[in-house]
Amino acid sequence: MSGTRCDVLIIGAGGAGCSAALHLALRGSRVVLLERGLVGGQASGVNYGGVRQQGRNPAELPIARKSREIWGRMKALAGTEAEFTVTGHLKLARNDAEEAELIAYLDVAKQYGLPLRMVGRNALHGEYPWLGPKVLAGSFAPEDGSANPRLMAPALARAARDAGAAIHERTEVMSYAHDGALFHLRTVRGEEFSAPVLLNLAGFWGGRVAEAFGEAVPVKPLSPNMLVTEPMRYFIEPNLGVVGGNVYLRQIPRGNVIIGGGYGESNPGEPGEMPWSRPVPEATMEAARLAIALVPELEGAQIIRSWSGIDGQMPDRIPVIGPSSTTPGLFHAFGFSGHGFQLGPAIGAIMSELVLDGRTDVPLEAFRITRFAEAG
Ligand SMILES: Cc1cc2nc3c(=O)[nH]c(=O)nc-3n(C[C@H](O)[C@H](O)[C@H](O)COP(=O)(O)OP(=O)(O)OC[C@H]3O[C@@H](n4cnc5c(N)ncnc54)[C@H](O)[C@@H]3O)c2cc1C
């Protein structure tokens, strides 16, 4: 097959793919990244912007810790911190059972070196006088915060290009082959690319890439419902979440409050079609109602926009990360189940380690692609 030959082919220019391109290019690999739409045009560019470690599945915490370290030096790495701001993340309990859950997580956090402190019933309303009366307690992760999703993947992509990576937008991969030594990809316009290594960092659509190599997994589209208010006085400093996750909100210094809760609608499309997603008005109104219960001052704020996006949701709500079980040279990382924005920078670093060093310090066993087949 003719066409472009390189060291590593990457499918998907979300945060994971752009970070992988950058980390590999910085170590001298000839990288080609293929993206169906635009860099950061899917989940990585439209998410809530939470850079949160607390509350994660313990298996994800080593990756989240590694990613947090990279977020801390994002400006040096990518030329901008993508508005990453360390506001802390305050996770709130609205009843006794939820408070017990927060207390139980303190031990998990300790085990993984994640700073976390409980804010008890008496202290909470003193420290955060704008919280509503239904909130009973909270746990505060001082190293967490938020960033602007619109900026992160494009910044990583620019840095990757500067380091020598080739990034092709509007270039959908339509067919996949492996001849025992090389991967051969053909795009929607008939261009051909080959390499001994292929990274499947295609978000929800990563399930389709895996399937093409005989590794079907039960990934479903997940479309969190998002809204943003008009600018208000700036008073909500921490990124706020709740046990159970049915509402989350953060305020940017300009004053707008970004709120997530419930689910929108989406269609990931067939190969050759563009996906779409849209918010659901009922979910938007319910998220606003839950947000007002947390922060009563939000009552009356005008909602100026609502939206959704598409991530891949796995049945156990943790991603697939690691080598293929069928095809040497193929590595997967997809199905981030609604919380892969924070992880993206580390996923790229981990992919570069797997490819160039044959190993990574982060335990990946829990994320193996074979776990679904093993479970029957
Ligand atoms: C509304 C919403 C809110 C969220 N909020 C948060 C949050 O606050 N914090 C957090 O940590 N996470 C959050 N997430 C999850 C997070 O956004 C995702 O887990 C993460 O962005 C996934 O990154 P990715 O690079 O794996 O995938 P994506 O960003 O989906 O990128 C994959 C790319 O692959 C491309 N692609 C697919 N198939 C092909 C093909 N055949 N050929 C070429 N290109 C292809 C797609 O076009 C896409 O651009 C949220 C997600 C959504 C949708």
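Scroll up to find the structure this text is about.
Each value, and the rule that gives it
- Residues numbered from 1 in each chain as written.
- Predicted model: local features only at pLDDT ≥ 70, side-chain atom pairs only at ≥ 80, totals over all residues.
- Heavy atoms only, no water.
- Pairing = 2+ DSSP bridges.
- Helix = DSSP H or I, 4+ residues; strand = E, 2+ residues; numbered from the N terminus.
- Axes fitted to C-alpha atoms, helices over the stretch in contact; angles between N-to-C directions.
- Parallel < 35°, antiparallel > 145°, perpendicular 65-115°, else oblique.
- Left-handed = near helix turned anticlockwise from the far one by under 90°.
- Contact = heavy atoms within 4.5 Å.
- Nonpolar A, V, L, I, M, F, W, Y, C, P; charged D, E, K, R; others polar.
- Buried < 20%, exposed > 50% of the residue type's maximum accessible area, 1.4 Å probe, protein only.

(A) Examining the sheet that holds strand β12 (residues 192-195) more closely. One open sheet accounts for four strands, arranged β1-β12-β11-β10; its pairing is mixed. Lying at the two open borders of the sheet, with one neighbouring strand each, are β1 (4-5) and β10 (173-178). The pairing of strand β11 (residues 183-187) with β12 spans four bridges and is classified as antiparallel. Along β12, the bridge assignment pairs His184 with Ser194.

(B) Just the packing of helix α1 (residues 15-26) against helix α7 (residues 149-162), in detail. Relative to each other, α1 and α7 sit at 25 degrees, their axes nearing to 8 Å. Comparing the axis directions of α1 and α7 gives the class roughly parallel. Crossing hand, α1 versus α7: left-handed. In this structure, α1 contributes Gly15, Cys18, Ser19, Ala21, Leu22 and Ala25 to the contact, and α7 contributes Met152, Ala153, Leu156, Ala157, Ala159 and Ala160. Split into classes, the residues belonging to the contact of α1 with α7 amount to 10 nonpolar, two polar and no charged.

(C) Summary view of the sheet that holds strand β3 (residues 31-34). The six strands are arranged β9-β3-β2-β13-β24-β23 in an open sheet whose pairing can be described as mixed. The sheet is open, and its two borders are formed by β9 (166-168) and β23 (320-323), each paired with just one other strand. For this sheet, the mean angle separating the axes of adjacent strands, direction not counted, is 15 degrees. Summarising the sheet, strand β2 (residues 8-11) and strand β13 (residues 197-200) pair through four bridges and their orientation is parallel. Within the sheet, the bridge partner assigned to Val8 lies in β13 and is Val197. Contacts between α1 and the sheet are confined to β2, β3 and β13, with β3 contributing the most and set at about 170 degrees to the helix.

(D) Unusual backbone geometry, seen in detail. Positive phi values are uncommon outside glycine, yet Ala82 reaches one of about 55 degrees. Within the element layout of this structure, Ala82 appears in the loop between α4 (74-78) and β5 (89-93). You can call Ala82 buried: its relative accessible area is 1%. A positive phi angle, close to 60 degrees, is found at Arg317, a residue other than glycine. Turning to its location among the elements, Arg317 is positioned in the loop between β22 (311-313) and β23.

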